[in-house]
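Summary of the model geometry
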Amino acid sequence: MTKRKVIVLKKQCSTEIVPKAPYNFDKTVYDPSHFPTPIEIWKPGKFWKTMRFKDRILGIKFMDVGTISKPKIKLTVFSASELKKEFIRDLIKDINFRYGFNEDLSDFHRQYKSDSLLRPVFKRMRGAHSRSFESLYEIIMISIVLQNAIVRRTVQMMNNLLNKYGQKIKFNGKEMYLVWKPNKLAKVDEKELRNLKVGYRAKMFTKISEQFAKGDVNEYRLREMSLEQVERELLKLYGVGPASLDSLLGILRIHQPIRTISPWEQKIYSRLLFNKVIVSPDKILRELKRRYGKWSVFAGYILFEDLFWRHDKKSIPWLEKEIRL
DNA sequence: CATCAGGGCCCTG
DNA sequence: CAGGGCCCTGAT
């Protein structure tokens with residue numbers, strides 16, 4: 001057992017960002033339905049995230065110092081050594097994209113302001129954007145630990161991986177993990193991975209990591225591609241199928257019609273859309289597409305987030321039963 | 001004790 | 001295009 005080093009990020013610099021209004025900070029950065037993982041920390045009005053940018057290890061702290069209608073975010077970047085102005089400029093550009101600070105959702109809001117399901121949701125979720133600040137590689141690793149597992153096991157697999165291959169970093173009094181670099185996992189022996197209880201997913205981790213390490217897939221290049229091209233690229237990855245694809249597209253802020261419903265989503269949509277215990281996935285897909293067209297993935301996301309936020313505030317019994325930890 | 005499905009995907013026939 | 005197999009876990 002080797003003791004792993006904690007990297008402490010002592011240097012810091014701050015700036016302010018004014019997102020396009022309306023911007024709802026908490027309801028964008030925090031997703032109550034997402035399993036807990038030590039690569040991020042949320043508290044009302046505050047958010048900490050580890051990040052690797054241009055091969056530098058960073059800790060980012062966000063503070064909400066505005067309102068939904070007049071949003072303002074104080075951003076502090078922590079690093080081990082001083083950062084150049086140009087680096088910071090590029091970083092902020094990237095963060096703007098990831099956190100949707102400039103994203104314009106007015107079309108969506110205009111179009112569905114009278115929708116029977118979304119109208120009440122907009123009151124609570126006004127200014128919420130889709131959560132997509134994780135790197136493409138990070139989110140792919142997450143989508144793999146989510147496959148064919150309940151949340152408890154997902155958490156276990158993720159923590160095992162972070163413990164073994166992640167980098168522990170400390171900034172602003174928080175100790176968190178940064179996800180490993182692809183080339184590190186690419187070289188790991190399948191057996192070693194299987195010891196971490198990831199099962200058949202072991203091969204997916206190494207194969208995909210290899211593809212990332214070689215530069216076959218590049219998040220920034222994907223941002224410039226058409227939907228069809230992006231899909232082709234992502235489906236080349238061993239372990240990425242139709243169910244993971246939709247959530248990966250969210251990372252690139254691509255809005256498109258919904259195509260897949262997983263069993264747990266099926267149960268929730270059955271209640272939300274039809275007020276029934278279970279409705280066929282086909283019927284759900286048709287209804288979502290009929291209502292929301294190209295916005296159906298995003299509309300579904302907002303409906304789910306609203307539901308889980310409400311559940312957080314006051315337990316919803318039928319939902320409680322569906323979320324098995 | 002055995003069986004099964006879970007926040008899928010790959011591969012085969 | 002349907003269906004079996006895959007790792008592991010906790011529920012039954």
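Scroll up for the structure.
In this report, we go over the structure that sits alongside the text. (Residues numbered from 1 in each chain as written. Chains lettered and ligands numbered in written order. Predicted model: local features only at pLDDT ≥ 70, side-chain atom pairs only at ≥ 80, totals over all residues. Heavy atoms only, no water.)

Here we come to the environment of Pro263. With respect to the secondary-structure elements, Pro263 resides in helix H13 (residues 263–274). Pro263 sits in the exposed class, given a relative accessible area of 55%. (Helix = DSSP H or I, 4+ residues; strand = E, 2+ residues; numbered from the N terminus. Buried < 20%, exposed > 50% of the residue type's maximum accessible area, 1.4 Å probe, protein only.)

Taken together, 10 residues are adjacent to DNA strand C, and Arg153, Arg194, Gly199, Tyr200 and Arg201 come closest. Among the atoms of DNA strand C lying within 4 Å of the protein, the sugar-phosphate backbone contributes 74%. Between DNA strand C and the protein, one listed contact pairs a base oxygen with a side-chain N or O atom of Arg201 at 3.1 Å. Looking at the surface near DNA strand C, its residues break down into 1 nonpolar, 3 polar and 6 charged. (Near = heavy atom within 4 Å. Polar contact = N/O pair within 3.5 Å; in protein donor to acceptor, adjacent residues only side chain to side chain. Nonpolar A, V, L, I, M, F, W, Y, C, P; charged D, E, K, R; others polar.)

Let us now look at the pattern of salt bridges. Tallied over the entire structure, the rule returns 24 salt bridges. In this structure, the salt-bridge partner of Glu40 is Arg131, at a minimum N-O distance of 2.9 Å. Taken together, the residues span a long stretch of sequence, with Glu40 in strand E3 (residues 40–43) and Arg131 in the loop between helix H4 (118–125) and helix H5 (136–146) at a distance of 91 residues. Accessibility classification places Glu40 together with Arg131 in one group, the buried group. Here the salt bridges do not stand alone but share partners, grouping Asp94, Arg98, Glu219 and Arg223 into one network. (Salt bridge = Lys/Arg side-chain N within 4 Å of Asp/Glu carboxyl O.)

With that settled, the discussion passes to the nonpolar core. Formed by 41 residues in total, the largest nonpolar core has its most connected members in Leu136, Ile140, Trp180 and Leu193. Residue contributions to this core peak at 8 residues, all from H5. If sequence neighbours within four positions are ignored, Trp180 has contacts with Arg52, Tyr137, Met141, Met158, Leu161, Leu162, Tyr165, Gly166 and Leu185. Formed by 32 residues, the second largest nonpolar core is a distinct cluster that contains Leu105, Val121, Phe122 and Tyr269. (Core = buried A, V, L, I, M, F, W, Y, C linked by side-chain atoms within 4.5 Å. Contact = heavy atoms within 4.5 Å.)

As a further point, take the sheet that holds E3. As summarised here, the arrangement of the 5 strands in space is E2-E6-E5-E4-E3, forming an open sheet in which the pairing is antiparallel. Each edge of the sheet is formed by a strand with only one pairing partner; in this case those strands are strand E2 (11–17) and E3. On average, each strand axis in the sheet is tilted by 20° relative to the strand beside it, whichever way the strands run. Relative to strand E4 (residues 46–53), E3 runs antiparallel, the two sharing 4 bridges. When the sheet's bridge partners are listed, Glu40 is paired in E4 with Lys49. (Pairing = 2+ DSSP bridges. Axes fitted to C-alpha atoms, helices over the stretch in contact; angles between N-to-C directions.)

Our focus in this paragraph is the protein's contact with DNA strand B. Around DNA strand B, a shell composed of 19 residues is seen, among which Asn148, Gly241, Ala243, Ser244 and Trp264 lie nearest. If you look at DNA strand B and keep only atoms within 4 Å of the protein, 60% of those are sugar or phosphate atoms. Separating a phosphate oxygen of DNA strand B from a backbone N or O atom of Asn148 is a distance of 2.8 Å. Ala243 is positioned with one of its backbone polar atoms (N or O) 2.9 Å from a phosphate oxygen of DNA strand B. When residues of the surface near DNA strand B are traced back to their parent elements, those giving at least two are helix H12 (242–251) and H13. Among the elements that line the surface near DNA strand B, the one with the most residues is H12, at 3 residues. Taken together, the residues of the surface near DNA strand B break down into 12 nonpolar, 6 polar and 1 charged.

A few words on the packing of H13 against helix H15 (residues 296–313). Where H13 contacts H15, the axes come no closer than 11 Å and their chain directions differ by 80°. Between H13 and H15, the angle falls in the class roughly perpendicular. Residues Trp264, Glu265, Ile268, Tyr269 and Leu272 of H13 pack against Gly300, Leu303, Phe304, Leu307 and Phe308 of H15. Here the contact of H13 with H15 is composed, by residue class, of 8 nonpolar, 1 polar and 1 charged. (Parallel < 35°, antiparallel > 145°, perpendicular 65-115°, else oblique.)

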